[in-house]
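Secondary and tertiary structure notes
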Amino acid sequence: MSETKNSFKRVLVGVDDSDDAQLAFRYAMRRCIKDGSTLIITSILENDEMNVYQALTKDYVHGEREELDQHILEYRDVALHAGVKKVEAIVAEGDPGETIVKKVIPSSEADLLVIGSLSKRGLRKYFGSQAAYMAKYSPISIMIVR
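Below: a short report on this structure. (Residues numbered from 1 in each chain as written. Predicted model: local features only at pLDDT ≥ 70, side-chain atom pairs only at ≥ 80, totals over all residues. Heavy atoms only, no water.)

**Remarks on the nonpolar core**
As a rule of thumb, soluble globular proteins bury nonpolar side chains together. Formed by 22 residues in total, the largest nonpolar core has its most connected members in Val-13, Phe-25, Leu-39, Ile-41 and Val-114. Elements supplying a minimum of two residues to this core: strand 1 (10–14), helix 1 (19–35), strand 2 (38–45), helix 3 (58–82), strand 3 (86–93) and strand 4 (112–116). No other element matches the 5 residues that helix 1 contributes to this core. The contact partners of Phe-25, leaving out residues within four places of it in the chain, are Val-13, Val-15, Leu-39, Ile-41, Tyr-75, Val-78 and Ala-79. Judged by nonpolar contacts, the second largest core, of 15 residues, contains Ala-92, Val-101, Ala-131 and Met-134. (Core = buried A, V, L, I, M, F, W, Y, C linked by side-chain atoms within 4.5 Å. Buried < 20%, exposed > 50% of the residue type's maximum accessible area, 1.4 Å probe, protein only. Helix = DSSP H or I, 4+ residues; strand = E, 2+ residues; numbered from the N terminus. Contact = heavy atoms within 4.5 Å.)

Here it is, written out as structure tokens:
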């Protein structure tokens, strides 16, 4: 956190196209515009969503990854068009909560994590278990948007 009260320099937002993630993305953009912060957009390729044959097929995994890379660039373009001055994008693979907490936060040097309370996949992704995990284990401040 910077010297300015309640101002963050690097805001990380997790996106997955769920309604809550869209709200989190919009909140993070507004915050970055207001504070002049860097927006870091992340999305996680979930390996558990693939069956064993898909996971063993490099073309399938590569195709999924390319699709996600392209999609996150669309988020970046939206943020830049909205007025965010500095935008970065990170795509990683694994369990979303654990990957964001253990890999993305340290590598991005974010000081605020913004996420939606529920994600798109599964039974509303276990009623927010990813958000609960990140809230419990995040080494930085976290904003959970409903």
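**Some remarks on the packing of aromatic side chains**
Across all of its chains, the model carries 2 aromatic pairs by this definition. With centroids separated by 4.9 Å and ring planes inclined at 85 degrees, the aromatic side chains of Phe-25 and Tyr-75 adopt a geometry described as edge-to-face. Taken as a pair, Phe-25 in helix 1 and Tyr-75 in helix 3 lie far apart in primary sequence, 50 residues in all. The class of Tyr-75 is buried, set by a relative accessible area of 8%. Seen from their ring centres, Tyr-133 and Tyr-137 are 4.7 Å apart, and the 45 degrees between their planes marks the pair as tilted. One end of the pair is Tyr-133 and the other is Tyr-137, both in helix 5 (residues 124–137) and 4 residues apart, which spans about a single turn. Of the residues examined, Tyr-137 reaches a relative accessible area of 44% and is grouped as partly exposed. (Phe/Tyr/Trp six-rings, centres within 6.5 Å; stacked < 30°, edge-to-face > 60°.)

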